[in-house]
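# Structure at a glance
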Amino acid sequence: PRNTYYESALKATVEKDSTRHSYAVAADKYVSAKTSGWAKTNVQDAADNNLVDRDLLGADYTRGITRLQFCSIAVKMAEKMTGKAITPAPSGTFTDTDSEYVRKASAAGITSGVGSGKFDPNGALTRQQMAAFLYRALMYVKANSDTEYTVYDSKLSSYTDAGQLASWAKEPMAFMNALGLISGTSNTALSPNGACTIEQALVVAYRSLDAGGIGWYQCVKSPADNMNHYSTSDMCCYTYGDRVWFTSSEGHCVDPY
């Protein structure tokens, strides 16, 4: 019958994930841009969560991302997490772009430009710059919502090239890496000065939507009124008082403390 589900189906397209399972995607959010296989599902997840400005990002997400393009992702992520639009800085804040995304990013403290009143909108973005931009966006979210983040132990010492991190990028990269939002390019390399691609930025931004749910929790006896605690009845391998690291608010856990 022609009902709500029928009308929705007409506006959807079918996609397959890496395990060959089919799922429906809203046609107006479907990503047809060139995307690597490893990133495809999370890039589509990012689009489903309104993190993608398709006109601005273009048709090839394997390419390096520009500073302007990245601002669009960081701003959309912050607005999604707070549920509120960012009031942009005044027109004319930068002499080389008047993009609302850039002005919003400036107002939120995500970026201050490159100096002398310029932003360099077409400049390339490095991996450590990505970490810094998204970290600042997450701190904006914390200041403008009830989102909190876990305590964490830095893992930067396990990477042989951590010394290449600029001073302003050390805390952001430690945070993003410890929460599993930014992985190394290998088990021993962070590649902080490596180019950041559009698909990398989208995948990390999508993961960051759940940053407030990642981290340490303590098992308590059921029932528990505090939503930051998890019942041992759901985790037979843990006991009352165990400290557990959750990789997301969905309850996927590893490493009892």
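Whatever comes next refers back to the structure up there.
What counts as what
Residues numbered from 1 in each chain as written. Predicted model: local features only at pLDDT ≥ 70, side-chain atom pairs only at ≥ 80, totals over all residues. Heavy atoms only, no water. Salt bridge = Lys/Arg side-chain N within 4 Å of Asp/Glu carboxyl O. Helix = DSSP H or I, 4+ residues; strand = E, 2+ residues; numbered from the N terminus. Buried < 20%, exposed > 50% of the residue type's maximum accessible area, 1.4 Å probe, protein only. Core = buried A, V, L, I, M, F, W, Y, C linked by side-chain atoms within 4.5 Å. Contact = heavy atoms within 4.5 Å.

### Regarding the pattern of salt bridges
The tally for this structure, following the rule as stated, stands at 3 salt bridges. As a salt-bridge pair, E79 and K104 come within 2.8 Å of each other at their nearest N and O atoms. With a gap of 25 residues between them, E79 in helix α4 (residues 67-82) and K104 in helix α5 (residues 100-107) connect regions that are remote in the sequence. This pair shows no difference in class: E79 is buried, exactly as K104 is. For D98, the salt bridge goes to R103, with nearest N and O atoms at 3.5 Å. The class of D98 is partly exposed, set by a relative accessible area of 39%.

### Observations regarding the nonpolar core
Judged by nonpolar contacts, the single largest core of 63 residues is most densely connected at Y61, F70, L138, M176 and L202. Looking at this core, the elements that each hand over two or more residues are α2 (40-48), α4, α5, α6 (127-143), α7 (167-178) and α8 (198-208). Leave out the neighbours within four places in its chain, and F70 touches I65, L125, M130, F133, L134 and A201.

### Re the environment of G83
Here G83 shows up in the loop between α4 and α5. Its relative accessible area of 64% is what places G83 among the exposed residues. A sequence separation of 58 residues divides G83 from V141, and the C-alpha atoms of the two residues are 9.6 Å apart.

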